[in-house]
Amino acid sequence: MQVATAIKAIFLGVLLVPALAATELYSWHLFDVQARINNSFDIILHSRIRTRDELHEAQQLRTGAILMWHSKSLKVTPAFGYYYQPIKEKNLPWRDGHRVFAGLMRPFQLPEKMVLNTRISVERHMYEGLPAYMRYRTYVRLEIPKRKITPFVQNEWLAVKTGFHSVRNSGGL
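Since we're looking at a predicted model, the values are computed, not measured. (Residues numbered from 1 in each chain as written. Predicted model: local features only at pLDDT ≥ 70, side-chain atom pairs only at ≥ 80, totals over all residues. Heavy atoms only, no water.)

Comments concerning the sheet that holds strand S6 (residues 115–127)
With antiparallel pairing, the 9 strands of this open sheet are ordered in space as S1-S2-S3-S4-S5-S6-S7-S8-S9. Both outer strands of the open sheet, strand S1 (27–36) and strand S9 (163–172), are each paired with one neighbouring strand and no more. The sheet shows a mean angle of 20 degrees between the axes of neighbouring strands, taken without regard to direction. Relative to strand S5 (residues 97–109), strand S4 (residues 77–84) runs antiparallel, the two being bridged by 8 bridges. Residue pairing in the sheet places Gly-81 in a bridge with Phe-101 of S5. (Pairing = 2+ DSSP bridges. Helix = DSSP H or I, 4+ residues; strand = E, 2+ residues; numbered from the N terminus. Axes fitted to C-alpha atoms, helices over the stretch in contact; angles between N-to-C directions.)

As structure tokens, this is what we get:
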């Protein structure tokens, strides 16, 4: 019972974080479709729009695919992907962008049918008119799967060549 109470508090805390005025408010509107290719591979078709300034301005679009390999001998799931992602920074025109990435994922089954998904990945970002760069990210996502709609909360840490980049807390359905 204590685990459930703690998890509910985490859900509530992550959902209330945007109410704090310590940072810009972004919103992510995404839609994923996952399909089994065979016993070893899944594919996720992904699309997302990111807005900033309290939903007033589209800032990034992206669409792409993630291929996940389910190996019987590994305890982790390797994942590889590509996104086409144009971006618009304030007072600048839209720029074409691309992202390729690879990483490892590992789920942990928790009590009360919850799953803690973990991931670490390396990304290469390439934008028109800007130097390409590498980004490293890790996240922990708590989900309640096996429903038509899956609620989640997530904490993510991002780094670049020079070091720490940012922390993102999110929650959604």
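Past the structure itself, the notes keep going.
Considering the pattern of salt bridges
Under the counting rule described, the total for this entry stands at 7 salt bridges. Of the charged contacts, one joins Arg-137 and Glu-123 as a salt bridge, the two residues approaching to 2.5 Å between their closest N and O atoms. You can see Arg-137 sitting in strand S7 (residues 133–143) and its partner Glu-123 sitting in strand S6, a full 14 residues away along the chain. The residues Arg-137 and Glu-123 share a single accessibility class, namely buried. Beyond isolated ion pairs, a larger network of salt bridges with shared partners links Arg-99, Arg-119, Glu-123, Arg-135, Arg-137 and Glu-156. (Salt bridge = Lys/Arg side-chain N within 4 Å of Asp/Glu carboxyl O. Buried < 20%, exposed > 50% of the residue type's maximum accessible area, 1.4 Å probe, protein only.)

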